[in-house]
2 protein chains.
Amino acid sequence: MHGAELAGGIDGPEALAPLLAEVLGALRIGAEARGGPLPAGGPTGVALLLRDLLTPAALLPETGDPDALRELTRALAATAADPADPACAAHLHVPPLAVASAADLAVAALNPSLDSWDQAPGGTEIETAVVRLLAETVGFARPDAARGVFTTGGTESNLMALLLARDAVLAREFAVQGGAAIPAEAAGRLRIFSSATAHFSLARASGVLGLGTQAVVPIEVAEDGALDPRLLDWSLADARTAGHVPCCVVATAGTTDRGAVDPLRSIAAIARRHGVPLHVDAAYGGGALFSRTLAPLLDGLGLADTVGLDLHKLGWQPVAAGVLLAADAATLSPLEQRVAYLNPADDEEAGYTSLLGRSLRTTRRPDAFKVAVTLRTLGRSGLGAMVDRCHELARHAARVITSEPWLELVAQPVLTTVLFRYLPEAADGRGTGEDDRRVSDAVNAELRRRLLANGTAVVGRTELPGADGGVRLKLTLLNPHSTEADIDRLLALVVAAGAAVEHERAGRAGPAQHRPRKTQEKPA
Amino acid sequence: MHGAELAGGIDGPEALAPLLAEVLGALRIGAEARGGPLPAGGPTGVALLLRDLLTPAALLPETGDPDALRELTRALAATAADPADPACAAHLHVPPLAVASAADLAVAALNPSLDSWDQAPGGTEIETAVVRLLAETVGFARPDAARGVFTTGGTESNLMALLLARDAVLAREFAVQGGAAIPAEAAGRLRIFSSATAHFSLARASGVLGLGTQAVVPIEVAEDGALDPRLLDWSLADARTAGHVPCCVVATAGTTDRGAVDPLRSIAAIARRHGVPLHVDAAYGGGALFSRTLAPLLDGLGLADTVGLDLHKLGWQPVAAGVLLAADAATLSPLEQRVAYLNPADDEEAGYTSLLGRSLRTTRRPDAFKVAVTLRTLGRSGLGAMVDRCHELARHAARVITSEPWLELVAQPVLTTVLFRYLPEAADGRGTGEDDRRVSDAVNAELRRRLLANGTAVVGRTELPGADGGVRLKLTLLNPHSTEADIDRLLALVVAAGAAVEHERAGRAGPAQHRPRKTQEKPA
């Protein structure tokens, strides 16, 4: 039967070869058809391109279609927002390394699963070794005593860290055995402490865990976007006074928008003094460990109890390559599972180790493999150079924004993101503050959608809090092959789109044109 | 810099081509070196094969190594338990289709992420369409009103279904808003009802959600391994009397060991009468929907409120390809998230739909793509034939086991698993019942490890409850290219390994040899 050939075994490579050739051809044709970082036409255009391929009858015909792989791959490429294009720079969405994607194919062909030794003999060894290496890399005092597991990303790592912290505090302060229900006397009393700009997945995880999204206490950040340790200290003390039970402190090493890194060493000392475990969400910033220049930002990381890393961010892996590390193996022990069909005790005693009890998942692909291949292919210096290059691009973008009269920089980049906005004429200090903000928000949001709809650029956006806040644009620079000229072009596209939006809003005829504005005329 | 080429963009295919050729060559050489379903030598042998590649210095050298991809891929293949080998038949661990693995490469190259439209314009459309198709396939009354999301597998689907059920019951019976902490008056009172042989991930999810692992009430199964609906009915009534709050009924369509399918239609009626939502864990059995012969087993599936499917089981996808479907879009609404940098309201209003609020994950690879390619390549009939073929192989295995004096069948296969045991001489009715069981358990466990250590076969094992229970062996037949002769050989290996283990235990010299035993002499 056509299409029923398997990817594994001795014959798998022969079956795969022509199919991979089809994929490569279709990827190229699709990218050419796209002709830029994403397809033009916005959501309607994309839906139209895919319409005929995605009807129920097209997706599941009674009889198969041998052209499916080619047609669908071409369509996927034609409708992608491709981070390998220098003008696709919105999110923590990396262009994966070819070597990592190729390694991922080996995993897809052999299909190891880490829930039992006998589904992944080599995979089990490989994940264990990569985790051990990363435990050393983050600076745990005793990497041999550390344990960890690959996850789907920072969101799962945060969920696991908070779960472990929850169960530890329930055991310690409420004498509740692992796996028991949250007791009535603890209901609504547990609290998690993180900076106000920590990742939204913390609140989400807290809700999942039955603690409530409100259990996350947001600590104000300092001018640089990082948590103020004195405020954390006071909050922890206040919590006890209010009858709350501190469950976990979460520091962020690299916030999504600003790339801010909390002062890890001070926070670790405070958490220790209060007897509360410290989790560091280093999903974004963890990649700085590869760079001699940026690694000092993470000073103190090794003092954490648990650390989350995402190598599908500053590690250039195809999704997913998250990791949760625990400094002490015992921290993970509440996850242990004994399942008759996966890891019976006598098999474990005979040396058939299972990683089932490290993860919240059961079936689990060894994402550690592509990471191992990447680390060894590039070495520390190769990855460090990529991190440094992206950081340089961010600094270049900041310089251009500073010198461009129609753009306003929010802050100097810490890692590889740059926050800024287009400064509309109307926000030139001639209206009221409220009007100015409303106009600025609308113009920036609209110019970003215009770039998306035209298929010319994928720029990010976010919202800053406070009176001076509002919609801001964001570049997340993760393509080490981008040039300074690419960044200049991208920012020129933003300025031109801003002018066009203002032109339209003003109902003017003819092509959009800016009145001249000098740098020194930029509103303060 | 060597190794820094990207997989995406116009140039990605050119960068990938030589790397993929390396992978295919290394996969073949690795498989040949393995020379069977898994490497010989057991855990020690595997560790030895990988030792030099997995030291910290080998994994992260200061300077990169251009041979890393080839060497590590060869090592991964050489140390895999490869489900494409007919003698690898232990778990719900499929040999993936070449076309699905090739499709997965396209995703790994373009790296779309489903947490915002502008990271996956086409991916967003594709997942939405595949989910819509699957909602139709499971038989929901109004597939257009259904919603769903891809997951990492049944474990995540179960967690999500129970989370949604928990929050619904907290809102309904305790007037608690979504995202609030579990209130003291609900603590320890929520209950989940499933068969005693339902998947262990239900108890695990219940623990994660703060309900406690003990909140899962196991309902005794009937002779055929399926939940007895009368007992469910009584349990639900008893729960209310005891002051418990029924939160969810979980039916299983295809238990991991026996493949038993709970009577879905009866269970749906009971759940509805008690006003409790029904989740069906069809991770394994859902694949029967593609088969005209087996689909009737799932009668009533469309009456569920939520359904979990795993297309990395009877769908032959590389991991992961789980799905959670909800009959009514409103069921998923508690998952909604509004995040300034991912799905601001004005972008959504302008048509830039984000799937962020469907999933517990943030960054998320579109596993729907490989599923779409597979469904269209094979069609309903192609996939149905593969399911039927594996079912036939299981029936063949059952016949061989029945006619083999040294093997004992537990029950006729329902889907594609076969439970049985090797009958040791010592369990031949000549010792006490307790002795017999102890010997049988030890011999079966040991013969399985012997097959693993010799690298000759990967056979599953599990444990049956009750006085007549104990260790049983399991074949999970998921390779549609296996032949009846392959099955015969695999079972002969089991018998020979059993004889060898008995021989050694008895301290006999010379080669292992069975005394003759006729079928009619098998212990009853």
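Note that the coordinates shown come from a computational prediction; the quantities given were computed from them, not determined experimentally.

Analysis parameters
Residues numbered from 1 in each chain as written. Chains lettered and ligands numbered in written order. Predicted model: local features only at pLDDT ≥ 70, side-chain atom pairs only at ≥ 80, totals over all residues. Heavy atoms only, no water. Helix = DSSP H or I, 4+ residues; strand = E, 2+ residues; numbered from the N terminus. Rg over C-alpha atoms; globule rule 2.2 N^0.38 Å. Buried < 20%, exposed > 50% of the residue type's maximum accessible area, 1.4 Å probe, protein only. Contact = heavy atoms within 4.5 Å. Areas by Shrake-Rupley, 256 points an atom, 1.4 Å probe, with all protein chains shown as cover. Buried area = accessible area lost by both parts, 1.4 Å probe. Salt bridge = Lys/Arg side-chain N within 4 Å of Asp/Glu carboxyl O. Polar contact = N/O pair within 3.5 Å; in protein donor to acceptor, adjacent residues only side chain to side chain. Nonpolar A, V, L, I, M, F, W, Y, C, P; charged D, E, K, R; others polar. Least-squares fit on C-alpha atoms with pLDDT ≥ 70 in both. Pairing = 2+ DSSP bridges. Right-handed = clockwise from strand over helix to strand, strands pointing away. Axes fitted to C-alpha atoms, helices over the stretch in contact; angles between N-to-C directions. UniProt positions renumbered as here; feature names shortened; annotations may be inferred. 1 Å grid on protein atoms, 1.4 Å probe; cavity = no way out; pocket = protein on both sides within 12 Å on 5 of 7 lines; lining within 4 Å. Points joined across faces, edges and corners; volume = space filled by probe spheres on them. Domains from an automatic or database assignment. pLDDT = per-residue confidence, 0-100. Phe/Tyr/Trp six-rings, centres within 6.5 Å; stacked < 30°, edge-to-face > 60°. Disulfide = S-S within 2.5 Å. Parallel < 35°, antiparallel > 145°, perpendicular 65-115°, else oblique. Left-handed = near helix turned anticlockwise from the far one by under 90°.

Chemist: I would appreciate a short explanation of the overall build of chain A in the present structure.
Modeler: What chain A contains, in helices and strands, is 15 helices and 12 strands. Relative to its length of 524 residues, chain A is compact, with a C-alpha radius of gyration of 25 Å against a globular reference of 24 Å. On the principal axes, the C-alpha backbone points of chain A span a range of 80 × 70 × 45 Å. Out of the 524 residues in chain A, the part that is buried amounts to 66%. For chain A, long-range pairs separated by at least 24 residues make up 71% of all intrachain contacts whose partners lie at least 6 apart in sequence. As presented, chain A carries roughly 17300 Å² of accessible surface, and 52% of it is formed by carbon and sulfur atoms.

Chemist: Looking at this model, I keep getting lost on the interface of chain B and chain A. Mind explaining?
Modeler: At the interface, 170 residues of chain B touch 171 residues of chain A. Taken over both partners, the interface formed by chain B and chain A buries close to 14400 Å², and the fraction arising from carbon and sulfur atoms is 65%. Together, R204, Y341 and R376 of chain B form the three largest contributors to the area buried by chain B at its contact with chain A, with a combined 6%. Linking chain B with chain A are 22 salt bridges, by the criterion used here. One salt bridge in this structure joins E71 of chain A and R376 of chain B, with 2.9 Å as the shortest N-O distance. Linking chain B to chain A there are 76 residue pairs in polar contact (both at pLDDT 80 or more). Broken down by class, the residue content of the side of chain B that touches chain A amounts to 95 nonpolar, 44 polar and 31 charged.

Chemist: Explanation requested: the relation of the copies chain B and chain A in the structure shown.
Modeler: Two copies of one chain are present, and they are related through a rotation about an axis combined with an axial shift. Overlaying chain B on chain A yields an RMSD of 0.0 Å, the required transformation being a rotation through 180 degrees with an accompanying axial translation of 0.0 Å. Such a combination of rotation and displacement between the chain copies is what one expects of a two-fold axis. Looking at the interface residues of chain B, 100% of them are also at the interface in chain A, so both copies use one shared face.

Chemist: When you look at the pairing of strand β4 (residues 216–219) of chain B in this model, what are you seeing that I'm missing?
Modeler: Strand residues, when the strand is regular, have side chains that alternate between the two faces of the sheet. All names here are of chain B. Across four bridges, strand β3 (residues 190–195) lies against β4 in parallel orientation. Residue S194 lies in a different strand from β4, and its bridge partner there is P218. Note that the unit made of β3, helix α8 (residues 201–208) and β4 has a crossover that is right-handed.

Chemist: What is the right way to read the sheet that holds strand β5 (residues 245–252) of chain A from this model?
Modeler: The strands making up a sheet associate through hydrogen bonds between their backbones, and the pairing can be parallel or antiparallel. Residues and elements named next belong to chain A. An order of β2-β8-β7-β6-β5-β3-β4 is seen for the seven strands of this open sheet, with the pairing classed as mixed. Whereas interior strands pair on both sides, the edge strands pair on one side only; in this sheet they are β2 (147–151) and β4 (216–219). Recorded for the sheet is a direction-independent mean angle of 20 degrees between the axes of neighbouring strands. Examined bridge by bridge, strand β3 (residues 190–195) and β5 share five bridges and lie parallel to one another. Note on β5: the bridge partner recorded for I192 is C248. In the packing of helix α9 (residues 229–241) onto the sheet, the strands contacted are β3, β4 and β5, and the crossing angle to β5 comes to about 165 degrees.

Chemist: Help me understand the UniProt feature "modified residue: N6-(pyridoxal phosphate)lysine" (unreviewed entry) in chain A, please; the structure alone is not making it clear to me.
Modeler: Summarizing the sequence annotation, UniProt attributes the feature "modified residue: N6-(pyridoxal phosphate)lysine" (unreviewed entry) to K313 of chain A in the numbering used throughout. Looking at where K313 of chain A falls in the secondary structure, it is placed in the loop between β7 (306–310) and β8 (322–326). Given the relative accessible area of 9%, K313 of chain A is considered buried. Once residues within four sequence positions are removed from consideration, K313 of chain A is found in contact with L92, V94, A283 and Y284 of chain A together with T363 of chain B.

Chemist: It is not clear to me how helix α8 (residues 201–208) of chain A should be interpreted in this structure. Could you clarify?
Modeler: The α-helix winds at 3.6 residues per turn, so residues separated by three or four positions along the chain end up facing the same way. Within α8 of chain A, seven of the eight residues are buried, leaving the element largely enclosed by the surrounding structure. Of the residues making up α8 of chain A, those classed as buried are S201, L202, R204, A205, S206, G207 and V208 of chain A. Packing partners of the buried residues in α8 of chain A comprise α7 (154–174), β3, β4 and β5 of chain A together with α7 (154–174) and α8 of chain B. Downstream of α8 of chain A by a residue or two, G210 of chain A has a phi angle that is positive, lying close to 85 degrees.

Chemist: For this particular structure, what's the right way to read the layout of surface pockets?
Modeler: Over the atoms a probe the size of a water molecule is rolled, and this reveals where empty space is left. Residue and element names in this part refer to chain A. There is about 1200 Å³ of room inside the second largest pocket. Among the elements of the structure, β3, α8, β4, β9 (407–409) and β11 (458–464) are those that each provide at least two residues to the lining of the second largest pocket. Here the lining of the second largest pocket takes three residues from β11, the largest share from any one element. When residues of the lining of the second largest pocket are assigned to domains, at least three map to each of domain 2 (140–337) and domain 3 (382–521).

Chemist: Whenever I open this one, the sheet that holds strand β11 (residues 458–464) of chain B confuses me. Can you help?
Modeler: All names here are of chain B. Strands sit in the order β1-β11-β12-β10-β9 across an open sheet of five strands; the sheet is mixed. The open sheet terminates on both sides in strands that have one partner only, identified here as β1 (88–89) and β9 (407–409). Taken together, the four bridges between strand β10 (residues 417–422) and strand β12 (residues 470–476) define a ladder with antiparallel strand orientation. Bridge pairing in β12 links T417 to T476. Helix α14 (residues 484–505) rests against β1, β9, β10, β11 and β12 of the sheet, and its axis sits at about 25 degrees to β10.

Chemist: Is there a simple way to think about the domain arrangement of chain A in this case?
Modeler: Interface extent is often summarised as the accessible area lost during association of the parts. Residue and element names in this part refer to chain A. Considered domain by domain, chain A is made up of domain 1 (12–80), domain 2 (140–337) and domain 3 (382–521). Its C-alpha centre places domain 1 at a distance of 33 Å from the equivalent point of domain 3. Across the boundary between the two partners, domain 1 contributes seven residues, which contact eight residues of domain 3. Between domain 1 and domain 3 lies a buried interface of about 410 Å² when both sides are counted; carbon and sulfur atoms form 65% of it. Summed over the three residues of domain 1 that lose the most area to domain 3, namely P37, L38 and A40, the buried surface amounts to 78% of that side. Where domain 1 touches domain 3, the interface holds zero salt bridges. Put simply, domain 1 and domain 3 have one residue pair in polar contact (both at pLDDT 80 or more) between them.

Chemist: Looking at this structure, I do not really get the side chain of S195 of chain B. What am I missing?
Modeler: All names here are of chain B. You can see S195 is positioned in strand β3. S195 gets classed as buried once you look at its relative accessible area, which sits at 2%. If sequence neighbours within four positions are ignored, S195 has contacts with I219, V221, L227, V250 and D262.

Chemist: Where do I start with the confidence of the model for chain A in this structure?
Modeler: If pLDDT is low for a region, its predicted coordinates should not be looked at in detail. Across chain A, the average pLDDT comes to 96, with 97% of residues at or above 70. Here the complex is predicted with pTM 0.98, and the ipTM for its interfaces comes to 0.97.

Chemist: Whenever I open this one, the packing of aromatic side chains confuses me. Can you help?
Modeler: Within a pair of aromatic rings, the relevant descriptors are the distance that separates the centres and the angle that separates the planes. Residue and element names in this part refer to chain B. Within the structure shown, the criterion is met by six aromatic pairs over all chains. Relative to Y352, the ring of W117 lies with its centre 4.8 Å away and its plane at 90 degrees, an arrangement referred to as edge-to-face. On the criterion of sequence distance, the pair formed by W117 in the loop between α5 (98–110) and α6 (121–137) and Y352 in the loop between α11 (345–349) and α12 (368–403) is long-range, its members being 235 residues apart.

Chemist: Help me out: how do you make sense of unusual backbone geometry in this one?
Modeler: Trans is the common state for peptide bonds, and a negative phi is the common state for residues other than glycine. Residue and element names in this part refer to chain A. Between V319 and the following residue, A320, the backbone shows a cis peptide bond with an omega angle of 5 degrees. With respect to the element layout, A320 can be found in the loop between β7 and β8. Even without being a glycine, A175 presents a positive backbone phi close to 50 degrees. By the element assignment, A175 lies in the loop between α7 and β3.

Chemist: What is the right way to look at the side chain of N479 of chain B in this model?
Modeler: Locating N479 of chain B in the fold gives a position in the loop between β12 and α14. For N479 of chain B, the side chain forms a polar contact with the main-chain oxygen of A84 of chain B, separated by 3.0 Å.

Chemist: What exactly am I supposed to notice about the state of the cysteines here?
Modeler: In protein structure, a disulfide is the covalent linkage between the sulfur atoms of two cysteines. All names here are of chain A. Applying the stated criterion to the full structure yields zero disulfides over all chains. C390 provides the cysteine sulfur closest to C88, a residue in no disulfide bond, and the two sulfurs are 13 Å apart. C248 provides the cysteine sulfur closest to C247, a residue in no disulfide bond, and the two sulfurs are 5.9 Å apart. C247 gets classed as buried once you look at its relative accessible area, which sits at 0%.

Chemist: I would appreciate a short explanation of the packing of helix α13 (residues 368–403) of chain A against helix α4 (residues 68–78) of chain B in the present structure.
Modeler: Two measures define how a pair of helices packs: the angle their axes make with one another and the distance between the axes. Relative to each other, α13 of chain A and α4 of chain B sit at 150 degrees, their axes nearing to 9 Å. Between α13 of chain A and α4 of chain B, the angle falls in the class roughly antiparallel. In terms of crossing hand, the pair formed by α13 of chain A and α4 of chain B is right-handed. Between α13 of chain A, through F369, A372, V373, R376 and T377 of chain A, and α4 of chain B, the contact on the second element is made entirely by A68, L69, E71, L72, T73 and L76 of chain B. Residues of the contact of α13 of chain A with α4 of chain B, tallied by class, amount to seven nonpolar, two polar and two charged.

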